[in-house]
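# Chains, contacts and geometry: an overview
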4 protein chains.
Amino acid sequence: MILILKSGVSEDQVTHVLERVEALGFQAHLSRGTYRTIVGIIGDESQLTPESLSAIPGVSKVIPVLPPYKLASLEAHPEPSVIDVSGVKVGGGHLAMIAGPCSVEDPERMDRIAGLVRAAGANLFRGGAFKPRTSPYAFQGLGEEGLRILRDVGRKHQMPTVTEVTDPRNVELVAEYCDMLQVGARNMQNFVLLTEVGRTQRPVLLKRGMSATITDLLMSAEYVLSQGNPNVVLCERGVKGFDSATRNLFDVAAVPAVKTLSHLPIIVDPSHATGRPDLIPACAMAGLAAGADGVHIEVHDCPEEAKSDGPQALLPGQYAELMHQLRDLAHLLGKSISPLPGVAA
Amino acid sequence: MILILKSGVSEDQVTHVLERVEALGFQAHLSRGTYRTIVGIIGDESQLTPESLSAIPGVSKVIPVLPPYKLASLEAHPEPSVIDVSGVKVGGGHLAMIAGPCSVEDPERMDRIAGLVRAAGANLFRGGAFKPRTSPYAFQGLGEEGLRILRDVGRKHQMPTVTEVTDPRNVELVAEYCDMLQVGARNMQNFVLLTEVGRTQRPVLLKRGMSATITDLLMSAEYVLSQGNPNVVLCERGVKGFDSATRNLFDVAAVPAVKTLSHLPIIVDPSHATGRPDLIPACAMAGLAAGADGVHIEVHDCPEEAKSDGPQALLPGQYAELMHQLRDLAHLLGKSISPLPGVAA
Amino acid sequence: MILILKSGVSEDQVTHVLERVEALGFQAHLSRGTYRTIVGIIGDESQLTPESLSAIPGVSKVIPVLPPYKLASLEAHPEPSVIDVSGVKVGGGHLAMIAGPCSVEDPERMDRIAGLVRAAGANLFRGGAFKPRTSPYAFQGLGEEGLRILRDVGRKHQMPTVTEVTDPRNVELVAEYCDMLQVGARNMQNFVLLTEVGRTQRPVLLKRGMSATITDLLMSAEYVLSQGNPNVVLCERGVKGFDSATRNLFDVAAVPAVKTLSHLPIIVDPSHATGRPDLIPACAMAGLAAGADGVHIEVHDCPEEAKSDGPQALLPGQYAELMHQLRDLAHLLGKSISPLPGVAA
Amino acid sequence: MILILKSGVSEDQVTHVLERVEALGFQAHLSRGTYRTIVGIIGDESQLTPESLSAIPGVSKVIPVLPPYKLASLEAHPEPSVIDVSGVKVGGGHLAMIAGPCSVEDPERMDRIAGLVRAAGANLFRGGAFKPRTSPYAFQGLGEEGLRILRDVGRKHQMPTVTEVTDPRNVELVAEYCDMLQVGARNMQNFVLLTEVGRTQRPVLLKRGMSATITDLLMSAEYVLSQGNPNVVLCERGVKGFDSATRNLFDVAAVPAVKTLSHLPIIVDPSHATGRPDLIPACAMAGLAAGADGVHIEVHDCPEEAKSDGPQALLPGQYAELMHQLRDLAHLLGKSISPLPGVAA
């Protein structure tokens, strides 16, 4: 780290800063400029927190030179990670195409939708059994019954399944039923939950929080990785913006920005990013063109009857048409949609 | 609710919208304007979700006329609520002055700080035993040992205590030790945790999330209230902003805005809102002047040794000086700092 | 417009609202719901401003049903506009590829860069002669001398030119020298300047302001259109965001969102949106995939010597490589880069 | 400045960086840390721009140690500036209370409002003659006729006047009629206009742009100061936020933050910051409590008839009541409202 001292810092303060750095077990390198005195700290930066240093009297600013995450960084793992979700590969040129309704609904509808999205080329089937709803009065999901339906439908169609987990007490249960655990945007900094999913080996779909920086997102991934679970797929799903024209602000530049920092795959979710079915296709294409390792889209065969978030779902026919375009674009980019397990590519 | 139909909607679509509204058990009131057709929905709006209506073909926009929260609303409870935290009143002219270090540290330091903030006029003592840290490698709090220290020091100084709870499995434990349960900004939409704290009767200090609207904040309060716990104190602590001059953007207008919508008390936390000790006093004064029911400030006697967030703490002497000004301002506004339980006002 | 009245509105207030609406020359349509009374206003909404209505006592909310812009709207002109910039078509499947340095520099360098970007496929040449710099001490551009260099280099390479105009007093001058007038993000709501460029017939490149909603952007376009100049090309160049990982937040969803509202072409500027050369190619691809009508990229042959904004420029070789990919993507999307005037396609 | 080099920078690149720094006429101080190499630049930093340095290959980050503004900085002028607006002092304990309608309207109404706000304690009278409206179809102000009305009414009531200037061609004209020139939020980075107002000696009321950082605001002030006009009063009027509960997000912390950086006075404008009359009093109190040097409030005697922005105006009676509270708060803070010129304090 680099400490920039305040202008007008006293000699006593400079001495105290140096002593303090050395007391923490580091070497200090003093440099007096025209306007400011600077202290370079030499040693293993990961043992220091900027906060404790910036509280030393006379310190104006603390500038870390390393990212605060390690396992998630490109330095730790220079090649792109390829995550295996029960046979479906994600990352390194392999695309995840996640589709399904917002909530798990009755078995017949789930079966019907799974058949349609599979035929369109989706390779992972999604549906929420535990729904984090902003209103306590809204439909909260079918719970374990929903997990069972999702698993059965997924098995029938040979599609691995993705579902959200919201409660640290349920992680084990959800991990038994499903192939991939989703941590939602509102729980991205629920460190208790991150720690629990890190203790499983199930792949984790970690959605970016609405006010999370890219560094925050990678720090949350680090929680999972540091517990021993290396299987994290990131997901850009829009951040908070000021224009109500779209539900959130789709930060497509986060995709290439993450790739300059981390080896973890990152997919995009234009359903939540825009909240508008008429914008989903364009944003899905944009995400893929920007380098995303997959696309997450909500699909429902009758949005007005959906138990949650109907208006942001595509109809199966719209999804099939979009997948056609996405497949062409993937081909142009030299990437391919991972084949379903047990199905020839 | 009001449905604004799309321009160019067909007669069949209008008919389907009317049928759909009636199928949901409501009356529809059609009105054809110069440019748009509008459907007013007559009946108990709380039984409807805007999402399911906006997915009906031909519907352009859904406009709720009621707030989505009920128990938290001023309609439900027109007088300001006064929350009793083990004898300290919050709301309705009674001010909460919460102070203490970010993390619970060793008993001697806790005792010393408690004595100083109490002498300065604080009436609630805070300290974190379970810390939600963005880095998995940072100090995570002393856990139950921290709860014990906090309780013992609080008792000694006759100050009720406030501490954060981050895990639904710990709510009961924390409620045994402490007088007020804090739900942090990052957990404001951790609905599992909100539900658990709603099942206790402990007062809850609910901090606004960094990208939460005022409606979101009140919906989260509604989660707690709807479980049977009416004792919620809201806290404005800064939202995400674009200017790195301050850590967050202190939304002081949220204080009077909440008061036009809800009976719940709301306090301000200038420590987290600004992240800068040099701005804390001005923002504490601003919050009180705007109508806040209290002020939450981190105080540490040696910030450079603090286990977390040292740089945003005031020194005890700075806190005492600020409390002097806050007391004068409270007097001017016709409010008063609630006396400690068992201590004459 | 629709007026939602306050809950608890008095009969006198309702009567006053109705009288006021009729005094303004409109018909009022009253509808009493379960919770709220609603007044629909029937007549030419464009003659009303929401502000004046919302100040009537008893009115809680005013909901316009028409967009506030007319000439820019899809209703006024359902087909995409194709703008002709001295022979280069923009919109309706014709792509504008604008390239060049941030500032106009010496003639030799300009000539060299123009030759390189033209060879790579750019069809419009850009360079700033009047620079809106945040610092009064920074290089402010070469002024008229810069316009002359830009014109001469453009002519030599048969490329129409684009340059920014910042002063209403200079609009005529700039319009004499250049083929397209750029209004920068910081001047997007400089209505005096918009009015002046609207009085010319030169095509206008209107950049979205950093805190402008899509409606704001279209309203600014309306200023130009309403003066009689129909030749407006919009440009998404990033809005203000909270993450310093990129200079601005590239709002790629604005591209398809604009296309649902307006007939005007919209291009993207990943140079200013990201401020990072390593992210420009991915964001250029994303913009095109999202439906943009062109891409604006800064190119400089020695960024460290650039008179302004060097770090956000691509090297000519990087630009040529990107253009190769953009051309393939355009082909996939059924679009093509407009040929230079006088050059066979 | 400090240059942090990229990890894995080559020796050739380091050498080139050093040569480049010296070629610019500075001394370079090299320091090799555990992870990164750092180059300190010794010399007059104001002669350098971070941009040109960050484009040098191998440079990862450029960290300025001085603020980019000089004349506006506290270093240049450690005492608070007191600006004299035709006899009314602003800054250094003297409060400006600016009030009046959004737009200049007919002389009788202006006279009536001026009399009422003066009686309530306002010391500067405002009204817009040139209105920057987002819609080209909205009322654009009375122009020179409005300036005349404003001047005449101000003279009659012995109140100096404030009005907005939007066109560099009108600066001289407006300066002849009015005592203080307002530069609006949308023109905060209209550098052409800033330069023109800097060439007069009229005090300037510079409003913060909706996406301007505090540094941006001070840089815009620097434009005015650097032209020779030292009379700048800043104004916080809300920045762009994500919550539609208020029109903008009132950044009250900007008031004390500016005071740590600059000697210029700063006032607050709760009318534009909130857009809600019911929140104006609380936010006015908050601004003053935070250290503002004055309060700008729109007042209209019949908001529903206002030619612009009626709904954000207070009624004269509401204004008088608020002024009563503001005067008490000022007294508590040891400040006072500047008396009108020619009127005993």
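It should be noted that the structure appears before, not after, this text.
Looking now at the interface of chain D and chain A. In this complex, chain D contributes 22 residues to the contact, which on the side of chain A involves 22 residues. Buried surface at the junction of chain D and chain A, summed over both partners, amounts to about 1800 Å²; 66% is from carbon and sulfur atoms. Broken down residue by residue, the surface that chain D buries against chain A is led by Tyr35(D), Val65(D) and Phe242(D), which jointly contribute 28%. Where chain D packs against chain A, one counts zero salt bridges. Scanning the region where chain D abuts chain A turns up four residue pairs in polar contact (both at pLDDT 80 or more). Mapped by element, the contributors of at least two residues to the side of chain D that touches chain A are strand E1 (2–5), strand E2 (27–32) and strand E3 (37–42) of chain D. A per-element tally of the side of chain D that touches chain A places E2(D) first, with three residues.

All right, on to unusual backbone geometry then. Residue and element names in this part refer to chain A. A positive phi angle, near 45°, is found at Ser86, a position not held by glycine. A residue is classified by how much of its surface remains accessible, and Ser86, at 33% relative accessible area, is partly exposed. Unusually for a residue other than glycine, Gln158 sits at a positive phi of about 60°. Examined against the element boundaries, Gln158 turns out to sit in the loop between helix H4 (144–156) and strand E9 (161–164).

As a further point, take the environment of Asn123(D). Residues and elements named next belong to chain D. Relative to the elements of secondary structure, Asn123 occurs in the loop between helix H3 (107–120) and strand E8 (124–126). Linking Asn123 and Leu340, residues 217 residues apart in sequence, is a C-alpha distance of 5.7 Å. Leave out the neighbours within four places in its chain, and Asn123 touches Val88, Leu95, Ala96, Met97, Ile98, Met159, Pro160, Ile337, Ser338 and Leu340. Separated by 3.0 Å, the side chain of Asn123 and the backbone oxygen of Leu95 make a polar contact.

Our focus in this paragraph is the relation of the copies chain A and chain B. For the pair of chain copies, the relating transformation is a rotation about an axis with a translation along it. Mapping chain A onto chain B is achieved by rotating through 180° and translating by 0.0 Å along the same axis, at an RMSD of 0.0 Å. In the structure described here, the two chain copies are related by an operation that fits a two-fold rotation axis. Closest approach to the rotation axis among the C-alpha atoms of chain A is made by Ser211(A), whose C-alpha sits 2.8 Å away. Comparing contact sets, 100% of the residues at the interface of chain A also lie at the interface in chain B, consistent with an isologous, same-surface contact.

Turning next to the environment of Ser262(C). Residues and elements named next belong to chain C. Inspection of the secondary structure puts Ser262 in the loop between helix H8 (254–259) and strand E13 (266–268). The sequence separation of Ser262 and Ser81 amounts to 181 residues, and the corresponding C-alpha distance is 9.1 Å. If near-sequence neighbours (up to four positions away) are discounted, Ser262 is found in contact with Ala72, Ser73, Leu74 and Leu218. A polar contact of 3.1 Å, which involves the side chain of Ser262, links it to the backbone nitrogen of Leu264.

To describe a pair of aromatic rings, you give the distance between the ring centres and the angle between the ring planes. One pass over the full model with this rule turns up four aromatic pairs over all chains. Pairing Phe191(B) with Tyr223(B) gives two aromatic rings, centres 4.7 Å apart and planes at 20°, and the pair type is stacked. Placement of the pair is Phe191(B) in helix H6 (residues 191–198) and Tyr223(B) in helix H7 (residues 214–226), with a sequence separation of 32 residues. When sorted by exposure, Phe191(B) lands in the same class as Tyr223(B), which is buried. Lys70(C) extends its terminal NZ or CZ atom over the ring of Tyr137(D), reaching a point 4.1 Å from the ring centre.

Contact with chain A, which involves 45 residues of that partner, is made by 45 residues of chain B. Taking both sides of the interface into account, the surface hidden between chain A and chain B amounts to around 3800 Å²; carbon and sulfur atoms contribute 52%. Our count for the contact surface shared by chain A and chain B stands at four salt bridges. With a shortest N-O distance of 3.2 Å, Arg169(A) and Glu196(B) are connected by a salt bridge.

Right, let's talk about the sheet that holds strand E1 (residues 2–5) of chain C for a bit. All names here are of chain C. Spatially, the four strands line up as an open sheet ordered E2-E3-E1-E4, and their pairing is antiparallel. Each of the sheet's edge strands pairs with one partner strand only, and the pair in question is strand E2 (27–32) and strand E4 (59–63). Averaged over neighbouring strand pairs, the angle between their axes works out to 20° when direction is ignored. Bridge count for E2 against strand E3 (residues 37–42) is six bridges, and the pairing is antiparallel. Following the sheet pairing, His29 is matched in E3 by Gly40. Docked against the sheet, helix H1 (residues 11–23) engages E1, E2, E3 and E4, running at close to 150° with respect to E2.

For the rest of this paragraph, the subject is the pairing of strand E11 (residues 204–207) of chain C. Residue and element names in this part refer to chain C. Every second residue of E11 is oriented toward a common face, with Val204 and Leu206 on one face and Leu205 and Lys207 on the other, all of them buried. Between the parallel elements strand E10 (residues 180–183) and E11, the chain passes through helix H6 (residues 191–198) in a crossover that is right-handed. Both E11 and strand E12 (residues 232–236) contribute to a ladder of four bridges, which runs parallel. Paired with Lys207 across the strands is Cys235, a residue of E12. Viewed along the sheet, the connection from E11 through helix H7 (residues 214–226) into E12 turns out right-handed.

A complete count under the given rule lists 76 salt bridges over all chains for this structure. A salt bridge links Arg199(A) to Glu196(A), with the nearest nitrogen and oxygen atoms 3.3 Å apart. Looking at Arg199(A), the relative accessible area reads 54%, which means it is exposed. Judged by its relative accessible area of 17%, Glu196(A) falls in the buried class. Where Glu144(C) meets Arg148(C), a salt bridge forms, and the shortest distance between an N and an O atom there is 3.6 Å. Taken as a pair, Glu144(C) and Arg148(C) lie in helix H4 (residues 144–156) at a separation of four residues, close to a single helical turn. Classification of Arg148(C) by relative accessible area gives partly exposed; the value is 32%. Among the charged side chains, a network of salt bridges with common partners joins Glu105(A), Arg109(A), Arg112(A), Asp301(A) and Glu305(A).

Criteria and cut-off values
- Residues numbered from 1 in each chain as written.
- Chains lettered and ligands numbered in written order.
- Predicted model: local features only at pLDDT ≥ 70, side-chain atom pairs only at ≥ 80, totals over all residues.
- Heavy atoms only, no water.
- Contact = heavy atoms within 4.5 Å.
- Buried area = accessible area lost by both parts, 1.4 Å probe.
- Salt bridge = Lys/Arg side-chain N within 4 Å of Asp/Glu carboxyl O.
- Polar contact = N/O pair within 3.5 Å; in protein donor to acceptor, adjacent residues only side chain to side chain.
- Helix = DSSP H or I, 4+ residues; strand = E, 2+ residues; numbered from the N terminus.
- Buried < 20%, exposed > 50% of the residue type's maximum accessible area, 1.4 Å probe, protein only.
- Least-squares fit on C-alpha atoms with pLDDT ≥ 70 in both.
- Phe/Tyr/Trp six-rings, centres within 6.5 Å; stacked < 30°, edge-to-face > 60°.
- Lys NZ or Arg CZ within 6 Å of the ring centre and 35° of its normal.
- Pairing = 2+ DSSP bridges.
- Axes fitted to C-alpha atoms, helices over the stretch in contact; angles between N-to-C directions.
- Right-handed = clockwise from strand over helix to strand, strands pointing away.

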